[in-house]
Amino acid sequence: MIKKLTAQDLKELLGELRQKFLVIAPFRVKQGRLTKVLYQPVKTNDQLSSIYFKEQPDASPKEYFLPRDDRLAEETAGADCQPEEWSDNPRLFLGVRSCDIAGIELFDDVFIENDFVDPFYQRRRENSLIIGYSCQEPADNSFCQEVGIDPLENENVPLMLYDAGEGFYLKVQDQELLKGFEILDMLQELPEAESSELEEIVTENRKNFSGDEFSLELELPFPEKEAFTSVDWEEATASCLGCGVCTFYCPTCFCFKFFWEEIEKNRAWDSCMFSLFTAHASGHNPRERQDQRWRQRLLHKFSYHPTNYQGSPGCVGCGRCVSKCPVNLDIRKVLNRVEKTLAGEGVKGNES
Ligand code: SF4
Ligand code: SF4
């Protein structure tokens, strides 16, 4: 089922949805001298006119699933505590692009579809519904198609929003998932659209994605041993400052640390790019140099993660690590160097 909406229809629909959900959508937000596009909770219906779809958000919605700082438990209570944001109100994420949907799916694999289930992540995830957004043009430095992600269509969310300039199309992809949320009732009054109308828009927008200069030839997973030992990681990553910005903006990076604050046990984001990340209490650090940390980060995404998760890449090609790096260290160039080195050794695919 495809519905056709004017901007006003979308606003009214979201206004109705706000009565059932905490709606979280992308907005332009001033941060000092910078203006960023960030996912924020919608607090009033007036804010609905300011939802901003035109650019890839600066940050993915990962902090709503794995918060930067997360209070997990209180020692004296002796039981799991519930952070304030955990209400029974479900959350609706509006306008999530394919790369960020894939980032959330990767988190699902790691935190809930494995032997160990993270109850904090699980509860946030089960409490969330996602409306995807079809990209109209590539984000700066993105290469999602090279890691198998379609920026225009995504079947893994129940609803997908397409921007048609003057209005929108909303495609209902999974009615089962929407049951109980009354969304289908809310959509009833809206006019239906022919699938050919939508196909035309997608076909037109797809033309904008054909000029990608970067290509990833090596199959996943990268051969671990050869990549680990043959590549000159020091030369490839010499400019890295170890600031960790790339990992904090990355929708698939999930390293964390635990710490106590008086009686509270907390979890906070950490980064494999930090020198102390692997430091042992003895003083020994198995990753003493920054190039060793870079090697870990890249091989985690392109070798270890695909090995452990049926070939799925650990990178969704969003390009944020490139755009945000203060020294312009470009993961695409490092990837090409890895490919070139391995090709020189006669390695073409995952032949290890
Ligand atoms: S953002 Fe750039 S400089 Fe900072 S850790 Fe990442 S690659 Fe290194
Ligand atoms: S490694 Fe870079 S391009 Fe890949 S998902 Fe993370 S931020 Fe995006």
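In what follows, the accompanying structure is described. Just so you know, these numbers come straight off a predicted model, no measurement behind them.

1. With respect to the site of ligand 2
Around ligand 2, the structure places 13 residues, and the nearest of them are C250, C315, C318, R320 and C321. Across the shell around ligand 2, the residue classes tally to 8 nonpolar, 3 polar and 2 charged.

2. Some details on helix 1 (residues 7-17)
Taken residue by residue, helix 1 has L13, L14 and L17 as its buried positions. Seen along its axis, helix 1 keeps its buried residues to an arc of 95 degrees; they face one direction. Looking at the buried side of helix 1, the elements it contacts are strand 1 (2-6), strand 2 (22-31), strand 5 (91-97) and helix 5 (183-187).

3. Observations concerning the pairing of strand 7 (residues 159-163)
Counting buried positions over the 5 residues of strand 7 gives 4, a clear majority of the element. Pairing between strand 6 (residues 128-133) and strand 7: 3 bridges, direction parallel. Within strand 7, the position partnered with I131 by the bridge is L159. Between strand 7 and the antiparallel strand that follows it, strand 8 (residues 167-172), lie 3 residues; G165 among them carries a positive phi value of about 80 degrees.

4. Let's talk about the pairing of strand 1
Residues in a regular strand point their side chains to alternate faces of the sheet. The side-chain alternation of strand 1 yields one buried face, formed by K3 and L5, and one unburied face, formed by I2, K4 and T6. Across 5 bridges, strand 1 lies against strand 8 in antiparallel orientation. Bridge pairing links T6 to G167 in strand 8.

5. Looking at the site of ligand 1
Near ligand 1 the following residues occur: C240, L241, G242, C243, G244, V245, C246, M273, C325, P326, V327 and L329. Partitioning the shell around ligand 1 into residue classes produces 10 nonpolar, 2 polar and no charged.

Conventions and cut-offs
Residues numbered from 1 in each chain as written. Chains lettered and ligands numbered in written order. Predicted model: local features only at pLDDT ≥ 70, side-chain atom pairs only at ≥ 80, totals over all residues. Near = placed C-beta within 6 Å. Nonpolar A, V, L, I, M, F, W, Y, C, P; charged D, E, K, R; others polar. Buried ≥ 20, exposed ≤ 12 C-beta atoms within 10 Å, placed from the backbone. Helix = DSSP H or I, 4+ residues; strand = E, 2+ residues; numbered from the N terminus. Arc of directions from axis to C-beta. Contact = placed C-beta atoms within 7 Å. Pairing = 2+ DSSP bridges.

Nothing here speaks to function; it is geometry throughout.
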